[in-house]
Amino acid sequence: MSMSVAVAAVTFDRPRELAVLLNAINRQTAPVRSICLVDSGTVPANDVAAEHSNVDYVRSEANLGGAGGFSLAILKAVASGADWIWMMDDDAEPGDPECLATLLREAESRGLDAVVPLVAAPGHPDRLSFFFRLDGKVTHDRAEVEKLGFLPDDGHFFNGALIRSDVFFKVGLPDMRLFIRGDEVDFTIRLRKAGIRFGTVTTTAITHPHAFAETKHVFGARWHVIVPETAFKRYYYYRNRGYLIRRHFRVKSLVADVGGYLGYFLRRGDFRGLADWFRAFSTGLRGKGFAPLKDQKF
């Protein structure tokens, strides 16, 4: 019996990238029942969505962020009755027409409830957009990761992740309070706590813009911190890191973050950066600062 797939996708003011994504999805050799697309952008993308008959377009006048947008898209996709939900950001693109078929095949053969492809950097096919930690060191080297074949209990959600519909009944939806940055980490932790079988397969990939510049090494290759490039992204990343440490009692992450960011900012003499990190991080650590976007001060 063939398994049905619905895509849960989000978009925000990227009409050209969205058109590329929708075309790539509908060129997959494995059929997609529907594409549940949530649009929170300032300019509606309904004209792009209308070019595909299987797009279920949802316009949100409120900016829900990635977490809220994915939550709404997932609910629509699950409500369609699909067996599997394929997660996609609007600036992602399946690497080839066999991507979905490969994920389905790998999930079945390995008995997985969620399977994630590699995420390659556009224009840099030998590099991964997001690092993996191997033997205690971080790497973006695609060949180094590919030779492992399969990475159990590891993966970069939500880009290209294929998830059984019933998983969301067990672990819930992405937490819309996190808005951007950290919602995928929270979801991964919940998968592990629930005993959901998942992992990354290295035999297929999607492309998605990389974040090479955000990774800052502090004390050699084994200790690093993430410093996003804009104040907006830095605030939400730092705040959400603090909140996730509080929510999931991540003592090691607390030690790593405090030591890492102190070391990074003090060695650079960046006291303003340190103060901004502490303000946002402590806000999350206290479980504060959550509200509609218009009421948040970052």
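Residues numbered from 1 in each chain as written. Predicted model: local features only at pLDDT ≥ 70, side-chain atom pairs only at ≥ 80, totals over all residues. Heavy atoms only, no water.

1. Considerations on the pairing of strand β11 (residues 198-207)
Part 1: Burial within β11 is extensive, with eight of its 10 residues counted as buried.
Part 2: Across two bridges, the pairing between strand β5 (residues 93-94) and β11 is antiparallel. When the bridges of β11 are listed, E93 appears paired with T207.
Part 3: Here strand β6 (residues 114-121) pairs with β11 via six bridges, running parallel. Across the sheet, residue V119 finds its bridge partner in β11, namely I206.
Part 4: As defined by bridge partners, strand β9 (residues 150-152) adjoins β11 across three bridges and the pair is classed as antiparallel. When the sheet's bridge partners are listed, F150 is paired in β11 with V201. (Buried < 20%, exposed > 50% of the residue type's maximum accessible area, 1.4 Å probe, protein only. Helix = DSSP H or I, 4+ residues; strand = E, 2+ residues; numbered from the N terminus. Pairing = 2+ DSSP bridges.)

2. A word on helix α10 (residues 271-285)
Part 1: Here α10 is 15 residues long and its end C-alpha atoms lie 20 Å apart, about the 21 Å a rise of 1.5 Å per residue gives.
Part 2: Within α10 the residues assigned to the buried category are G273, L274, W277, A280, F281, S282, T283 and G284. (Expected span 1.5 Å × (residues − 1).)

3. Side note on the layout of surface pockets
Part 1: Taken as a whole, the second largest pocket encloses approximately 200 Å³ of empty space.
Part 2: In this structure, the second largest pocket is lined by A62, N63, L64, M176, R177, F179, R239, F290, A291, P292, L293 and Q296.
Part 3: Of the residues assigned to the lining of the second largest pocket, the class counts are eight nonpolar, two polar and two charged. (1 Å grid on protein atoms, 1.4 Å probe; cavity = no way out; pocket = protein on both sides within 12 Å on 5 of 7 lines; lining within 4 Å. Points joined across faces, edges and corners; volume = space filled by probe spheres on them. Nonpolar A, V, L, I, M, F, W, Y, C, P; charged D, E, K, R; others polar.)

Take it as geometry only, folks, not as evidence of what the structure does.
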